[in-house]
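# A structural walkthrough
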Amino acid sequence: MMQPKTLSKTETTCRSCGSEALTPFLDLGVTPLADRLIRPSDKGKEELTFPLVVAVCPDCSLVQITETVDPEVLFADEYPYYSSFLPALMAHSHANVLARLEEKPLGADSLVVELASNDGYLLRNYVEAGVPVLGIDPADGPAAVAEKAGVRTLNDFFTRDLASKVVEEYGAADIVHGNNVLAHVADTNGFVAGIRTILKPDGVAVIEMPYLRPLMEHVEFDTIYHEHLCYFSLTALDNLFRRHGLYLNRVEQLTIHGGSLRIFVQPFEAVEDSVKTMLAEEKTIGLDTPAFFEGFSKRVEQLRTDLTGMIKDLRAKGHSVAAYGAAAKGATMLNFCGLDASQIDFVVDRNVNKQGWLMPGAHLPIREPEALVAEQPDFVLMLAWNFADEILEQQADYRAAGGRFIIPVPTPRIV
């Protein structure tokens, strides 16, 4: 059923450079919002659904979805994502802050700003070091938790206008963090212009995002959902930031989230070899051309065929199947593959804010991780495969009792 036009907009031009030559290469169908969990009492009611089509811009290389859902709909007041429930992410963020403190002297007169600061998971490390911080996040729940943890937070969307107000009230920032947020922003250019506004002349923006190359090479299609409007190569990032007088001077490759980039952006040009080398590699493999993306859709369809066939076979043999990870990527995986309560009994997640709810579309009940040992399903589909090592270690008792996990990407396998 078509939704009212006010809730979403189909884009015909590139979010970065404005090109009208967008080239679609993957259609994941019409799906519910991946983070819009369902109350059990609302089961059976119609859910909001929107097209999920992915395209590449041949002019600036940016990969993007073509539908923009209203941010007020995406990031509602019951937005369920709380970063602090992910131990691996907490450790990753702590190490990030320690490295920044070693590189750049900061003190009581400094300011560190995080865009999409969530529940203060990262900034609390600066607070503990005596460095003033300001978090900016539009989600009411996580922002309130951050304040209670001593992380000063503006409960708002970051824009160019807000950046100017922040500078007037709090001063410019020595460091701006933005982890997995740039992809969520509808006004991509306005957001980057805001970063330029808020940075000191010698400041640095340290920004992380999933990297397009492993997404493509490892068939990580479940990373695609309506909250993620863009999927970045370094080439596309370089084009975007230079347009606003910012320079991508350094890059680090990270393993988190299935393969990510950490870029260091400054208002002056001092490009290091790490950037030059990666840009050259992307050009060599053709990541800056539409031809690179041909055939990806068939690889995604093959993964769906293999995974659904595996689960159908296990169920036919009388095995029980559960799932781990009520994350947005899990919703994409379940809904694109057509996996619901007829094949999977329940899903578990450590986030207590998700427990007791239902997954969007698939309507699997979300329970606590201890349910795996209590129920002992024969197999568990690991929807949060990006934290596979942590989950396998956490579920040692379940595995010792004979339980096995299905890891779906890049090809479904049982461990």
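For the structure itself, look to the data block above.
Please read all numbers here as calculations on a predicted model, not as lab measurements.

### Focus on the sheet that holds strand S4 (residues 63-65)
Pairing within the open sheet is antiparallel, and its four strands lie in the order S2-S3-S4-S11. Either end of the sheet is taken by a strand with one partner, and the two such strands are strand S2 (23-32) and strand S11 (230-231). One ladder, built from two bridges, connects S4 with S11; its direction is antiparallel. Paired with Gln-64 across the two strands is Cys-230, which belongs to S11.

### Details of the pairing of strand S17 (residues 379-382)
Of the two faces of S17, the one lined by Phe-379 and Leu-381 and the one lined by Val-380 and Met-382 are each fully buried. With four bridges connecting them, strand S14 (residues 321-324) and S17 associate as parallel partners. The partner of Ala-322 across the bridge, within S17, is Val-380. The pairing of S17 with strand S18 (residues 404-407) spans three bridges and is parallel. Bridge pairing in S18 links Val-380 to Phe-405.

### Observations regarding helix H5 (residues 160-170)
Side chains of residues three or four places apart in an α-helix project in the same direction, reflecting 3.6 residues per turn. Considered for burial, the residues of H5 that qualify are Leu-162, Ala-163 and Val-166. The buried residues of H5 all sit within an arc of 105° when viewed along its axis, so they share a single face. The exposed set on the far side of H5, more than 90 degrees from its buried face, consists of Asp-161, Lys-165 and Glu-168. On its buried side, H5 packs onto strand S7 (133-136), strand S8 (153-154) and helix H6 (188-198). Looking one or two residues past H5, Gly-171 carries a phi angle of roughly 95°, positive in sign.

Each value, and the rule that gives it
- Residues numbered from 1 in each chain as written.
- Predicted model: local features only at pLDDT ≥ 70, side-chain atom pairs only at ≥ 80, totals over all residues.
- Heavy atoms only, no water.
- Pairing = 2+ DSSP bridges.
- Helix = DSSP H or I, 4+ residues; strand = E, 2+ residues; numbered from the N terminus.
- Buried < 20%, exposed > 50% of the residue type's maximum accessible area, 1.4 Å probe, protein only.
- Arc of directions from axis to C-beta.
- Contact = heavy atoms within 4.5 Å.

Just distances and angles here, no functional claims.
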